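Descriptive structure summary
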Amino acid sequence: MKRHQKFTRSSSSAIALSVVALVVITACSGGGDSDTTEPDGTTTVVEQAEGDHLYEATIRRTSDGVPHIVADDMKGLFFGQGYASGQDHACSLADQMLKITSTRAAALGAGDGDANVNSDFAWKSIGINELARADYLIASPEITDQFESFAAGWNAHLEAVGTDGLTGWCAGADWVRPVTGEDVYTYARSIALNASGSRLAQYIATATPPTAGAQPASYSAPELAPTPMASNGWAVGSDLVEGGQGGVLVANPHFPWEGELRFWEVHLTVPGEIDIYGANLTGVPGIGIGFTENFAWTHTVSAGSRFTAYTLNLDPSDPTTYLVDGEKVAMKPREFSVDVLGEDGSTSPVTRTLWFSEYGPILDFPGIGWSNSMVTTYRDANINNDEFIEQYSAMGRAQNLDEFIAAHETFQGVPLFNTIAVSNDGRAWYADVSATPNLSAEAEAEYKAQIAAGGIAAIGRQSGAIVLDGSKSINRWEEQEGARDPGLVPWSELPMTERTDFVFNANDSFWVADGAGTLSGNYSILHGEQNTARSLRTRENLRILSDGSAAGDDGLFSGEELRDASVNNTSYAAYQFITPLVQRCTAVTTIVIPAVNASDGTAVIEAGQVDLKEACAVLSDWSGTFDLDAPGAPLFREWLGRVSALGMFPSIWETPFDPAQPQETPSGMAPAPATGDDPVLVALGQAVKVLELGGRTPDATLRETQYAPRAATRIPVPGGLGSDGVTNVVSWGGLGSSTETVPSRGDRVAPGTTLTVDGYPINYGTSFIMTVDYTQGAPRAWALLTYSNTGDRTSPLFDAQLERFSNRNWRDVLFTNEQIMADPEMVEIDIFGD
């Protein structure tokens, strides 16, 4: 049951406002025309405004193009944010509007393999466009004002410069159009589906009933679209900071460097009402990760499940009817139509009938498909999450950490994240309150038994999908008092803790959230596993926060020490393995390796003898870090890759995992076998050959090897893979759903490596990294946005922060008016709209 008031509004008020952009350089006076300054310093001539206006805001751009938006009221504030968003990332929102409105095929054509057609049908079937628009009509005035104002600002910028004047890849595109507040709200709601419906969209559009006699396929794990989001989050309280008061937050989300899932850094101020700095995903109002004068917070992607998949046993006489407890339940068909742009410039409709179970859309999972006996479907925990928008609005208005936590309890709208927060009074708070399906105790026991037995449930679990038996009614979600929506886990059963030492998360489950023990309890398995080994990255996060090595001689952290520790590139894998690895390779100078084969059986690396002397000498001198100038980092990465490819985890550990010691185990390297070749050295020999395939020697460094193809010049990128056990994660990952043409990776030189002949290309990882320090009273902060605050590849700002990241050149966050006005790069404009 909903536990907060909604207000009805007439549908006519959802119509977009007609807005004319009137922009004035503050330094100008008098009437006539003036120039509006774009983030990169270019100007556009527009008409100057006089008199009162519905929307008024000031945008002050400081170093690296960060917009600081100031207004006298919230309408003006979000108008300014929409305008600045249009300046930096208009193309992202315009492109995403095509997706969620199922008009990509009409604007861009069918796409390769009907990709745009299938996307359009999938999003029609998901239904968020329809649901969110209905919710918008009954949303509170506070919410509709926020989105109407943001849309008005975005449109004002579009009208001021025209489509030809947009920065970025959609300049001049005829499919760019003005947006309404309802449009932006609907897109914001779709973001909540990034760990559920969005991951399954590729399996919806092609789900069609079988022909007579079709047989079920042999089941294999569904290859879910990856959730291209990870992160580290640290909140260090008063017990562990210098001076013993206040606390420090480190936000380090690992997100794509291309596409719609990029962050945009911004500062929002209405004097006396709101003053908040941080970042949000492009194209939506507000702040998703940030800080105020009194508290700061960040998010990491939860290890829990945001949907449940169901296998449906079908009626033998009708494949559109399934059985639950032996009773027949008919699926419901819906006919959808999308327009498709043809080569002659005209559009024509394409129609498909898609099917729905009581849970949601029917899926065409690879390895299952839709036979006469079985099909799959899913239920989404976030499809009705209108509280998502309300909660983030309340978080931004909170005056202290207690109000911030209360916003979580009131709305329970966090879609898929852990929350890590710190207050200026030295408290650190962790919670996984993301939307989680609520299974009964009987259903959980049944599911655990199915995992233990192997089969569909176990295989699905390996790929991140909870697959339940839909033929049993006990697997329907259980409704409990206190939940955001029927069928979700209620607030009282969500894992959270408040401490004064530290809390953290690095995408493992809630079970280890601090350095004092475990957050054990009767929590749903759909929140994530308990009593399981933590990842190498989680354990490196924990080591940095626990062992004092990053805190200096006093054992207490300053803001600068935590800031620098977040990207110190130390490796937990090296911490555990490098000493025994060097000891073993020192004693053996050559090793015989088996062949490394491609998926078609062709040998990529031939079997034979490999000389280990140079490799061993390099590792002996290696610093154990993934810094740019540390010879041995690529070699060690490839060794870890071969250890994994040879199936040596978890047997490589000397001390196995012990649930009673999750912070200390597993540990050490298991001894070499008494007879035969040492598999640890076999992996090293293969690693040497992998580097050779990429044109690298064992002493290669990341400075010459790891880079971002998006940059105009080859900028070296520090950091490691998550599997390297580093906190500063950089890699190649998913790009979300953007249609922007972006650099490609190229072929990997061998299975089990990310190395190409050009090196290690990077387009994912550390993105908006921010440290906020309350130990000296007023907040101090430092930040980097690795891929910059603009989508304009021609702008001098585009590569500027990647250069900063490469050189660990932190930018001071400018939070006070005095700091902002003192920035020599500050440019200020006033904007107005009616």
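The following paragraphs examine the structure supplied in this document. (Residues numbered from 1 in each chain as written. Predicted model: local features only at pLDDT ≥ 70, side-chain atom pairs only at ≥ 80, totals over all residues. Heavy atoms only, no water.)

Helix and strand counts for the protein chain stand at 20 helices and 37 strands. Relative to its length of 834 residues, the protein chain is compact, with a C-alpha radius of gyration of 27 Å against a globular reference of 28 Å. Summarising its shape, the C-alpha atoms of the protein chain cover approximately 90 × 70 × 55 Å along the three principal directions. Counting across all 834 residues of the protein chain, residues that qualify as buried make up 61%. (Helix = DSSP H or I, 4+ residues; strand = E, 2+ residues; numbered from the N terminus. Rg over C-alpha atoms; globule rule 2.2 N^0.38 Å. Buried < 20%, exposed > 50% of the residue type's maximum accessible area, 1.4 Å probe, protein only.)

The subject of this paragraph is helix α9 (residues 401-411). Looking at α9, one finds that the buried residues are L401, F404, I405, A407, H408 and F411. All buried residues of α9 lie within an arc of 145° about the axis, which places them on one face of the element. Two residues or fewer after α9 comes Q412, characterised by a positive phi angle close to 50°. (Arc of directions from axis to C-beta.)

Here we take up the state of the cysteines. Within the structure shown, the criterion is met by two disulfides. One disulfide bridge connects C91 with C170, the sulfur atoms lying 2.1 Å from each other. Disulfide C91-C170: the torsion about the S-S bond is -85°, which places it as left-handed. Of this pair, C91 sits in helix α1 (residues 74-100) while C170 sits in the loop between α5 (141-161) and α6 (181-191), and the two are 79 residues apart along the sequence. Exposure class is identical for C91 and C170. Each is buried. In this model C585 forms its disulfide with C616; the gap between the sulfur atoms is 1.9 Å. Judged by the sign of its S-S torsion, about 80°, the cystine formed by C585 and C616 is right-handed. One end of the pair, C585, is in helix α14 (residues 572-587); the other, C616, is in helix α15 (residues 613-621), with 31 residues separating them in the sequence. Described in terms of the sequence order of its bonded cysteines, the disulfide pattern of the protein chain is 1-2, 3-4. (Disulfide = S-S within 2.5 Å.)

A few words on the packing of aromatic side chains. When we look at a pair of aromatic rings, we describe it by the centre distance and by the angle of the planes. Within the structure shown, the criterion is met by 28 aromatic pairs. Ring centres of F147 and Y185 lie 5.5 Å apart, and the angle between their planes is 85°; this geometry places the pair in the edge-to-face category. Taken together, the residues F147 in helix α5 and Y185 in helix α6 connect sequence positions 38 residues apart. Just as F147 is buried, Y185 falls in that class too. Each ring, one from F336 and one from F356, has its centre 6.4 Å from the other, and the planes form 65°; the classification is edge-to-face. (Phe/Tyr/Trp six-rings, centres within 6.5 Å; stacked < 30°, edge-to-face > 60°.)

A word on the environment of S463. In this structure, S463 sits in the loop between α11 (456-462) and β21 (467-469). Spatially, the C-alpha atoms of S463 and V682 are 29 Å apart, while their sequence positions differ by 219 residues.

Okay, helix α8 (residues 387-397) next. Spacing of three or four residues puts side chains on the same side of an α-helix, whose turn is 3.6 residues. Across the 11 residues that make up α8, a large majority, 10, are buried. Within α8, burial applies to E387, F388, I389, E390, Q391, Y392, S393, A394, M395 and G396. Elements in contact with the buried residues of α8: α5, α6, β9 (274-281), β11 (295-301), α9 and β19 (417-423). (Contact = heavy atoms within 4.5 Å.)

Once that is clear, we can look at the environment of A452. Here A452 is to be found in helix α10 (residues 441-453). Along the sequence, A452 and S644 sit 192 residues apart, while their C-alpha atoms lie 24 Å from each other.

Before going further, it helps to examine the pattern of salt bridges. Per the counting criterion, the structure on display carries 39 salt bridges. The partner of E258 in a salt bridge is R793, and the shortest N-O contact between them spans 2.6 Å. Here R793 lies in the loop between β35 (780-785) and α19 (800-807) and E258 lies in the loop between β7 (248-256) and β8 (263-270), a separation of 535 residues in the sequence. Exposure remark for R793: the relative accessible area of 30% places this residue in the partly exposed category. Among the ionic pairs, R543 bridges to E540, the shortest N-O distance being 2.8 Å. Of this pair, R543 and E540 both sit in helix α12 (residues 536-546), three residues apart, which is roughly one turn of the helix. Assessed through its relative accessible area of 15%, R543 is described here as buried. Taking relative accessible area as the criterion, E540 reaches 0% and is therefore assigned buried. Several salt bridges converge on common partners, so that one network encompasses E258, R262, R710, E740 and R793. (Salt bridge = Lys/Arg side-chain N within 4 Å of Asp/Glu carboxyl O.)

Time to look at unusual backbone geometry. In this structure, the amide linkage connecting F649 to the following residue, P650, adopts the cis form with an omega of 5°. Looking at where P650 falls in the secondary structure, it is placed in the loop between α16 (633-645) and β28 (653-655). Across the junction of T665 and P666, the peptide omega takes the value -5°, indicating a cis bond. Note on placement: P666 falls in the loop between β28 and β29 (667-669).

In this section: the packing of α5 against α8. Two elements in contact, α5 and α8, have axes separated by 10 Å at closest approach and are oriented at 90°. By the angle between their axes, α5 is roughly perpendicular relative to α8. Contacts from E142, I143, Q146 and F147 of α5 reach α8 at I389, E390, S393 and R397. Considered class by class, the residues forming the contact of α5 with α8 number three nonpolar, two polar and three charged. (Axes fitted to C-alpha atoms, helices over the stretch in contact; angles between N-to-C directions. Parallel < 35°, antiparallel > 145°, perpendicular 65-115°, else oblique. Nonpolar A, V, L, I, M, F, W, Y, C, P; charged D, E, K, R; others polar.)

On to the pairing of strand β4 (residues 55-62). By the criterion of burial, β4 is predominantly enclosed, with seven of the eight residues buried. Where β4 meets strand β37 (residues 827-833), seven bridges bridge the pair, whose relative direction is antiparallel. For R60, the partnering residue across the bridge sits in β37 and is E828. The sheet contact formed by β4 and strand β5 (residues 66-70) spans five bridges and is antiparallel. Across the sheet, residue R60 finds its bridge partner in β5, namely H68. Linking two consecutive strands that pair antiparallel, namely β4 and β5, is a turn of three residues; a positive phi of about 65° is found at D64 within it. (Pairing = 2+ DSSP bridges.)

Attention now moves to the nonpolar core. If you look at the biggest cluster of nonpolar residues, it comprises 141 residues, and the most contacted ones within it are I126, V176, W257, F263, F291 and F404. For this core, the leading source of residues is α1, giving 12 residues. By size, the runner-up hydrophobic cluster in this structure holds 49 residues, among which are V582, C616, L635 and I652. (Core = buried A, V, L, I, M, F, W, Y, C linked by side-chain atoms within 4.5 Å.)

Another point: the packing of α12 against α14. It is at 7 Å that the axes of α12 and α14 come closest, and there the two elements cross at 95°. Judged on the interaxial angle alone, α14 and α12 are roughly perpendicular. Facing α12, whose interface residues are L536, R539, E540 and R543, α14 presents Y572, A573, Y575 and Q576. Split by residue class, the contact of α12 with α14 holds four nonpolar, one polar and three charged.

A few words on the pairing of β8. For β8, the tally of buried residues reaches eight of eight residues, placing the bulk of the element in the interior. By the bridge criterion, three bridges tie β5 to β8 in an arrangement that is parallel. Among the inter-strand pairings, I69 is bridged to a residue of β8, identified as L268. Bridging between β8 and β9 involves eight bridges; their strand directions are antiparallel. Looking across to β9, one finds that L268 is bridged to I276.

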